[in-house]
Amino acid sequence: QITVIVSTWVGEDASAIERMRELGAEVILSEKPALAGRINVNFQTRSAAAGINRAIELECRFVAKTRSDQRILCLPLLLSLPRYLDYFPLGTAANQKCRLVGTSWGTTPFCPYYFADQFMFGMCTDMLDFWSPPLDEMDGSRDKLMETRESEPTLAGLSSYAPEQYLITQFLKRDGGELPFRLKEWWKVLADRFCVINWSDLDIYWPKYDPKIERRDYANDDLMSGHTLRWWDCLALNSG
């Protein structure tokens, strides 16, 4: 069973909220944070945590955090992710139950602690831990990030303004100890605690930057009789 939870803000369009509820979605309303944080990360974490908390209340075991302006077309892959985690058991992690799954696009092995934050899947408790960092007190807009890219084009400088880097470092710091800004430590984290799925396999349409490019490498139409067997179908078939 799938439950759709829409986590948004007090004061949003009441008719749109009512329409979502009529369609069967759980709608959670939160007060907006007073401080946005770097590139609105506090909005991102507060809304995500509210939605995950509701999933826990509904006794869901797993949760996928998505963006409301993105359309995921490959639902079979989404449904196979619990089985996907069986193939990638957790490594060394004191306070984590399963790996967290992100997307290949937006995750880089060569920029330490930069893990895609647009889509994430995992057990509800792990997801809540990840999406409940302290409120970020940096007032960093995307324009400031672009200025830094021009004036200080280093990985450390750019990462200081990235919500992705803030989220994952705050998550990892809860286990104690320092986080050296080196590839060796980052690769160890990836090997033990995270994994990714291909952005193209999930088949996400995101019109924010270029609405004319849908990036659809596959046609994911449930009505297609010629649907070909793919690796996530095999995972779903073996899920019991």
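Anything mentioned here points back to the structure above.
All of these numbers come straight from a predicted model, not from anything done at the bench.

Student: Just to check I follow, could you spell out the environment of C124 for this structure?
Tutor: Its location among the elements puts C124 in helix α4 (residues 124-130). Considering only alpha carbons, one finds C124 and K97, 27 residues apart in sequence, at a separation of 9.7 Å. Beyond its immediate chain neighbours, meaning those up to four positions away, C124 contacts I52, A55, I56, C60, R61, F62 and V63.

Student: How do you make sense of the pairing of strand β1 (residues 5-9) when you look at a structure like this?
Tutor: As a general feature of sheets, a regular strand has side chains that alternate between the two faces. Here β1 pairs with strand β2 (residues 26-30) via 5 bridges, running parallel. In the sheet register, V6 faces β2, and the bridge partner there is V27. Between the parallel elements β1 and β2, the chain passes through helix α1 (residues 14-22) in a crossover that is right-handed.

Student: Would you take a moment to explain the packing of helix α2 (residues 41-57) against helix α7 (residues 163-173) for this structure?
Tutor: To describe two helices that pack against each other, one gives the angle between their axes and the distance between the axes. In contact at an axis separation of 10 Å, α2 and α7 are set at 50 degrees when each is read in the N-to-C sense. When the axis of α2 is compared with that of α7, the two are oblique. Both α2 and α7 take part in a crossing whose hand is right-handed. Mapping the contact onto sequence places V41, Q44 and T45 in α2 and P163, Y166 and L167 in α7. Residues of the contact of α2 with α7, tallied by class, amount to 4 nonpolar, 2 polar and no charged.

Student: Looking at this structure, I do not really get the environment of E26. What am I missing?
Tutor: Along the polypeptide, E26 turns up in strand β2. Each C-alpha atom of the pair E26 and A55 lies 9.4 Å from the other, and the pair is 29 residues apart in sequence. Not counting residues up to four positions away in its chain, the partners in contact with E26 are T3, V4, I5, V6, R54 and L58.

Student: Mind showing me how you'd approach the packing of aromatic side chains here?
Tutor: The way to describe two aromatic rings as a pair is by their centre distance and the angle between their planes. Under the criterion given, the structure shown has 11 aromatic pairs. Ring centres of W105 and W206 lie 6.0 Å apart, and the angle between their planes is 80 degrees; this geometry places the pair in the edge-to-face category. With W105 in the loop between β5 (100-103) and β6 (120-123) and W206 in the loop between β8 (204-205) and α10 (231-237), this residue pair connects regions lying 101 residues apart in the sequence. On the basis of relative accessibility, which here comes to 5%, the residue W206 falls in the buried class. Judged by centre distance (5.3 Å) and plane angle (65 degrees), the ring pair of F130 and W131 falls under edge-to-face.

Student: Looking at this structure, how should I read the pattern of salt bridges?
Tutor: Side chains that differ in sign of charge can pair as their charged atoms come close. Summed over all chains, the structure comprises 9 salt bridges. For E26, the salt bridge identified is with R54, shortest N-O distance 3.0 Å. You can see E26 sitting in strand β2 and its partner R54 sitting in helix α2, a full 28 residues away along the chain. On the basis of relative accessible area, R54 is assigned to the partly exposed category, the value being 21%. Salt-bridge contacts for K188 lead to D192; the nearest nitrogen and oxygen are separated by 3.0 Å. Linking K188 with D192, this pair stays in helix α8 (residues 183-193), spanning 4 residues, or about one helical turn. Of the residues examined, K188 reaches a relative accessible area of 47% and is grouped as partly exposed. We classify D192 as buried; its relative accessible area is 10%. Each of E26, R54 and E57 takes part in one network of salt bridges that share partners.

Student: Which parts of the structure should I look at to understand the nonpolar core?
Tutor: A general tendency of soluble globular proteins is for nonpolar side chains to be buried together. The biggest cluster of nonpolar side chains holds 24 residues, and the ones touching the most others in it are F130, W131, I168 and F194. For this core, the elements supplying multiple residues, two or more each, are α2, α4, α7 and α8. When neighbours within four sequence positions are excluded, F194 is seen to be in contact with R99, L100, F115, F130, I168, F171 and V189. One finds I72, L77, C195 and I204 within the second-largest nonpolar core, a separate group that totals 17 residues.

Rules used throughout
Residues numbered from 1 in each chain as written. Predicted model: local features only at pLDDT ≥ 70, side-chain atom pairs only at ≥ 80, totals over all residues. Heavy atoms only, no water. Helix = DSSP H or I, 4+ residues; strand = E, 2+ residues; numbered from the N terminus. Contact = heavy atoms within 4.5 Å. Pairing = 2+ DSSP bridges. Right-handed = clockwise from strand over helix to strand, strands pointing away. Axes fitted to C-alpha atoms, helices over the stretch in contact; angles between N-to-C directions. Parallel < 35°, antiparallel > 145°, perpendicular 65-115°, else oblique. Left-handed = near helix turned anticlockwise from the far one by under 90°. Nonpolar A, V, L, I, M, F, W, Y, C, P; charged D, E, K, R; others polar. Phe/Tyr/Trp six-rings, centres within 6.5 Å; stacked < 30°, edge-to-face > 60°. Buried < 20%, exposed > 50% of the residue type's maximum accessible area, 1.4 Å probe, protein only. Salt bridge = Lys/Arg side-chain N within 4 Å of Asp/Glu carboxyl O. Core = buried A, V, L, I, M, F, W, Y, C linked by side-chain atoms within 4.5 Å.

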